Amino acid sequence: HKKLVTCAETGIQNSNRRNNLNKSLSLSADDVMPMLCYIIVRSDTPSLFSETHFLTEFLSQDALLGHLGYLVTSLQIGLHYILQLYNQAARVETASSSSRRRRRRSC
């Protein structure tokens, strides 16, 4: 958990440094999602899927409808996106390996 929080804080601080205006930085969900995915990967939290599932199962309905619910949902979306990328890379690697094996057999 500590790694995840540290990565998030660093990402936010870096975003704030890039803001040359002396105003507070306002980020949209489209801005935050790539940063969140990066933070998730860099945090190297092995049980994040389980912990996110635990949160959704055991937090009260009221908590999930507020700001905390938005954060948990954002985390779920980030995890889902990373999983899709991983599965896509695995399919490409599998197809590439199969293609190489077929070429070796035909030689």
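Cut-offs and rules
- Residues numbered from 1 in each chain as written.
- Predicted model: local features only at pLDDT ≥ 70, side-chain atom pairs only at ≥ 80, totals over all residues.
- Heavy atoms only, no water.
- Helix = DSSP H or I, 4+ residues; strand = E, 2+ residues; numbered from the N terminus.
- Buried < 20%, exposed > 50% of the residue type's maximum accessible area, 1.4 Å probe, protein only.
- Contact = heavy atoms within 4.5 Å.
- Core = buried A, V, L, I, M, F, W, Y, C linked by side-chain atoms within 4.5 Å.
- pLDDT = per-residue confidence, 0-100.
- Expected span 1.5 Å × (residues − 1).
- Arc of directions from axis to C-beta.
- Patch = residues over 30% accessible without salt bridge, like charges linked within 9 Å, V, L, I, M, F, W, Y side chains within 5 Å.
- Areas by Shrake-Rupley, 256 points an atom, 1.4 Å probe, with all protein chains shown as cover.
- Salt bridge = Lys/Arg side-chain N within 4 Å of Asp/Glu carboxyl O.
- Phe/Tyr/Trp six-rings, centres within 6.5 Å; stacked < 30°, edge-to-face > 60°.

*Asks:* I'm lost on the overall build of the chain in this one. Help?
*Replies:* Each helix and strand counted, the chain has 5 helices and 0 strands in total. When its helices and strands are written in sequence order, the chain yields α-α-α-α-α. Per-residue burial for the chain yields a buried fraction of 18% across its 107 residues. A sequence separation of at least 24 residues applies to 66% of the contacts in the chain between residues at least 6 apart.

*Asks:* Would you mind showing me how to read the nonpolar core here?
*Replies:* Across soluble globular proteins, you tend to see nonpolar side chains buried next to one another. Formed by Leu36, Ile40, Leu48, Leu75 and Leu79, the largest nonpolar core amounts to 5 residues. Put simply, the parts of the chain that give this core at least two residues each are α2 (29–43) and α5 (67–106).

*Asks:* Quick question: what am I supposed to make of the confidence of the model for the chain here?
*Replies:* Should pLDDT be low for a region, the predicted coordinates there are not to be read in detail. Within the chain, residue pLDDT values average 78, and 65% of them lie at 70 or more. Helix α1 (residues 2–18) is the least confidently modelled element of the chain, averaging 63 in pLDDT, while helix α3 (residues 48–58) averages 88, the highest of any element.

*Asks:* How should I be thinking about α2 in this particular structure?
*Replies:* Residue pairs three or four apart in sequence face the same way in an α-helix, which turns once every 3.6 residues. For α2, spanning 15 residues, the distance from its first C-alpha to its last is 20 Å, which sits close to the expected 21 Å at 1.5 Å a residue. The set of residues buried in α2 consists of Leu36, Cys37, Ile39, Ile40 and Ser43. Projected down its long axis, α2 carries its buried residues within an arc of 165 degrees, all on one side. Across from the buried face of α2, at angles greater than 90 degrees, the exposed residues are Asp30, Pro34, Tyr38, Val41 and Arg42.

*Asks:* Got a minute to help me understand a nonpolar patch on the surface in this structure?
*Replies:* Together, Phe49, Leu83 and Tyr86 make up a nonpolar patch on the protein surface, roughly 340 Å² of accessible area in all. Looking at Tyr86, the relative accessible area reads 59%, which means it is exposed.

*Asks:* Is there a simple way to explain the packing of aromatic side chains in this structure?
*Replies:* Pairs of aromatic rings are described using the distance from one ring centre to the other and the angle between the two planes. Overall, the coordinates contain 1 aromatic pair when judged by the stated rule. Measuring from ring centre to ring centre gives 4.7 Å for Phe54 and Phe58, while their planes differ by 40 degrees; the resulting arrangement is tilted. In this pair, Phe54 and Phe58 both sit in helix α3, 4 residues apart, roughly one turn of the helix.

*Asks:* How should I be thinking about the environment of Leu59 in this particular structure?
*Replies:* Along the chain, the position of Leu59 falls in the loop between α3 and α4 (61–65). Residue classification places Leu59 among the partly exposed positions, given a relative accessible area of 25%. A C-alpha to C-alpha distance of 9.0 Å links Leu59 and Gly69, two positions 10 residues apart in sequence.

*Asks:* I tried to follow the environment of Met35 on my own but got confused; where do I start?
*Replies:* Within the element layout of this structure, Met35 appears in helix α2. Classification of Met35 by relative accessible area gives partly exposed; the value is 24%. Measuring from C-alpha to C-alpha, the distance between Met35 and Gly78 comes to 9.4 Å, with 43 residues separating the pair along the chain.

*Asks:* What is the right way to look at the side chain of Ser74 in this model?
*Replies:* The topology assignment puts Ser74 in helix α5. Look at Ser74 and you get buried, because its relative accessible area is 13%. Not counting the four nearest positions on each side in its chain, Ser74 is found in contact with Met33 and Leu36.

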